[in-house]
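# Coordinate analysis (summary)
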Amino acid sequence: MDDRPIGVFDSGVGGLTVVKEIIRQLPQEDIVYFGDTAHLPYGPKSFQTIKRLVRDNIHFLLKKKIKAVILACHTASAFTLEEMREENPIPIIGVIRPGAGEALRVTKNKRIGVIGTYGTIKSGAYAKELKRLEPEAFVIEKPCPLFVPLVEEGWIEKEATRLIVREYLEPLKEEEIDTLILGCTHYPLLKKEITQVMGEVSLIDSARATVGRLKRILEEKNLLAREGVPRHSFFVSDAPERFARLGKIFLGKEIEKVERV
Ligand code: DGL
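This write-up is about the structure you can find in this document. (Residues numbered from 1 in each chain as written. Predicted model: local features only at pLDDT ≥ 70, side-chain atom pairs only at ≥ 80, totals over all residues. Heavy atoms only, no water.)

### A short note on the sheet that holds strand β9 (residues 232–236)
Within the open sheet, the six strands sit side by side as β4-β3-β1-β2-β9-β10. Their pairing is parallel. Of all strands in the sheet, those with a lone pairing partner are β4 (92–93) and β10 (258–260), marking the two edges. In this structure, strand β1 (residues 6–10) lies alongside strand β3 (residues 68–71), joined through four bridges in parallel fashion. Across the sheet, F9 pairs through a bridge with L71, a residue of β3. Helix α10 (residues 206–220) contacts β1, β3 and β4 of the sheet and is inclined by roughly 165° relative to β3. (Pairing = 2+ DSSP bridges. Helix = DSSP H or I, 4+ residues; strand = E, 2+ residues; numbered from the N terminus. Contact = heavy atoms within 4.5 Å. Axes fitted to C-alpha atoms, helices over the stretch in contact; angles between N-to-C directions.)

### Comments concerning the nonpolar core
L16, I22, I115, L169, L180 and I194 are the most contacted members of the largest nonpolar core, which has 53 residues in total. Among the nonpolar cores identified, the runner-up in size contains 21 residues, and V32, L61, A76 and F235 belong to it. (Core = buried A, V, L, I, M, F, W, Y, C linked by side-chain atoms within 4.5 Å. Buried < 20%, exposed > 50% of the residue type's maximum accessible area, 1.4 Å probe, protein only.)

### Regarding empty space enclosed by the protein
For the structure shown, the criterion picks out two cavities of 30 Å³ or more. Surrounding the largest cavity, 16 residues form its lining, S11, T75, T117, C184 and T185 being those nearest its centre. Residue classes in the lining of the largest cavity are distributed as six nonpolar, nine polar and one charged. Where the lining of the second largest cavity is concerned, the elements lending two or more residues are α1 (16–25) and α10. When grouped by side-chain class, the residues that make up the lining of the second largest cavity number five nonpolar, four polar and one charged. (1 Å grid on protein atoms, 1.4 Å probe; cavity = no way out; pocket = protein on both sides within 12 Å on 5 of 7 lines; lining within 4 Å. Points joined across faces, edges and corners; volume = space filled by probe spheres on them. Nonpolar A, V, L, I, M, F, W, Y, C, P; charged D, E, K, R; others polar.)

### Examining the packing of aromatic side chains
Across all of its chains, the model carries 10 aromatic pairs by this definition. With a centroid separation of 5.6 Å and an interplanar angle of 50°, the aromatic rings of Y33 and F243 are classed as tilted. On the criterion of sequence distance, the pair formed by Y33 in strand β2 (residues 31–35) and F243 in helix α11 (residues 240–251) is long-range, its members being 210 residues apart. On the basis of relative accessibility, which here comes to 0%, the residue Y33 falls in the buried class. Overall, F243 belongs to the buried group, its relative accessible area being 2%. Where F147 meets Y187, the ring centres are 5.0 Å apart and the plane angle is 75°; that geometry is what we call edge-to-face. Taken together, the residues span a long stretch of sequence, with F147 in helix α7 (residues 147–152) and Y187 in the loop between β7 (179–183) and α9 (191–198) at a distance of 40 residues. The two residues F147 and Y187 agree in class, both being buried. Aromatic ring contacts, followed pair by pair, group F9, F34, Y42, F60 and F235 into a single cluster. (Phe/Tyr/Trp six-rings, centres within 6.5 Å; stacked < 30°, edge-to-face > 60°.)

### A few points about the sheet that holds strand β6 (residues 138–143)
Pairing in this open sheet of four strands is parallel, and the strands run β6-β5-β7-β8 from one edge to the other. On the outer flanks of this sheet lie β6 and β8 (202–204), each paired with one strand and no other. Ignoring strand direction, the axes of neighbouring strands in this sheet form an average angle of 20°. When β7 meets β8, the two strands line up parallel, connected through three bridges. The partner of L180 across the bridge, within β8, is L203. Packing against the sheet, α9 makes contact with β5 (111–116), β7 and β8, and its axis sits at approximately 150° to β7.

### Notes on the packing of helix α2 (residues 47–63) against helix α3 (residues 74–87)
α3 packs onto α2 with a crossing angle of 55° between their chain directions and a minimal axis gap of 9 Å. The angle between α2 and α3 places the two elements in the oblique class. As for the relative orientation of α2 and α3, their crossing is right-handed in sense. In this structure, α2 uses F47, I50, K51, V54, R55 and I58 to contact α3, whose residues at the interface are T75, A76, F79, T80, E83, M84 and E87. For the contact of α2 with α3, the residue count by class is seven nonpolar, two polar and four charged. (Parallel < 35°, antiparallel > 145°, perpendicular 65-115°, else oblique. Left-handed = near helix turned anticlockwise from the far one by under 90°.)

Written out as structure tokens, the structure reads:
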């Protein structure tokens, strides 16, 4: 048994969908969340900048004596997972492999779409992972950079958002995909609008599969926490009030305290 907290890192508020899933699957675990809100968005940034930021932020979490980290940010996972694993002594779990695995479990025709930030799509990380697991898979990738600011603005059920979703996704419909990976922390909040455009396509939100993987790792390494009242702490690099306000949408409940570091 190990009562140290689980660290969750994201560029901002989107990783709270992973926190929500940890609370569901591992309710006894303490959580320390860090959102790098001073540097959001990571999506259009260079590999070098993202690596520097992720490294600094993992160091911050390590100081909180965590036992494992989830890189909830898809862009950070796509660019830095392997290096962060080599550099750090605790399990580091990314969102790409669990999401790709889930998509392959769900697809029937092996035609899979991936949407994400410019960085995630440019890295080709999802396509590589899908092809590694299933060489016969057909993968089509598309960046949807405007989705993040729309969600950050709370523009979920707006006409303008519907138009933008349609503009990005309409071309994907011609590819006859039956599964679409929502390869960005923010996109699950647009599920309804995405379904309206894509119709009968299975949408993959990697949070559930990622936390499932975390759970298996903690079990294997005998790192699960004992039963008790869990503590959830939230840190950001800027604008804690905004984080708390938006966080309510992602987490589905009030966040009482957010500290700026
Ligand atoms: N967290 C990022 C991701 O999942 C989206 C927001 C950003 O660009 O920083 O890729």
